[in-house]
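Residue-level structural notes
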Amino acid sequence: MYFPYPRIEDRVQGNRDRLNELLFTLEDPEQVFGKLDDPHKRPLFSMARLDRIKNMTG
């Protein structure tokens, strides 16, 4: 689901809860390959094409 960041009313709370569980608390090695330590820092997600050349700076 894609929408502008300020449109808070379009966010699905169930998705937010599931992402928080995956990122910070879930201990299932089949689904999780690491763990973020600080839930107060906002995670950044990036997407790119599946080719060798990426233009993802910063």
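Before reading on, note that the structure itself is shown above.
Report follows, based on the coordinates. Computed from a prediction, not measured in an experiment: that's the story for all the values here. The numbering scheme is per chain: residues are counted from 1 as the chain's sequence reads. Under the rules for a predicted model, residues below a pLDDT of 70 receive no local features and side-chain atom pairs below 80 are neither given nor counted, while totals for whole chains, interfaces and linings still include all residues. Side-chain measures were taken over the full set of non-hydrogen atoms in the model, leaving aside hydrogen atoms and water.

Time to look at the overall build of the protein. Secondary structure is summarised from DSSP: a helix means a run of H or I of at least four residues, a strand means a run of E of at least two, and numbering begins at the N terminus for each. In terms of helices and strands, the protein carries 1 helix and 0 strands. Relative accessibility decides the category of a residue: with a 1.4 Å probe and only protein chains considered, values under 20% of the type maximum give buried, values over 50% give exposed, and everything between is partly exposed. When each of the 58 residues of the protein is scored for burial, the buried share is 7%.

Counted as salt bridges are all cases of a side-chain nitrogen of Lys or Arg within 4 Å of a carboxyl oxygen of Asp or Glu. Within this structure, the stated rule accounts for 2 salt bridges. Asp10 is the salt-bridge partner of Arg7, the closest N and O atoms lying 2.5 Å from each other. A salt bridge links Arg18 to Glu21, with the nearest nitrogen and oxygen atoms 3.1 Å apart. Placement of both Arg18 and Glu21 in helix 1 (residues 13-25) is noted, with a separation of 3 residues, approximately one turn of the helix. Taking the relative accessible area as the measure of exposure, Arg18 reaches 35% and is therefore partly exposed. The class for Glu21 is partly exposed, based on a relative accessible area of 31%.

Right, let's talk about the environment of Asp37 for a bit. Relative to the helices and strands, Asp37 resides in the segment after helix 1. Sequence separation between Asp37 and Phe24 is 13 residues, and the spatial gap between their C-alpha atoms is 6.9 Å.

Any link to function would need more than the numbers given here.
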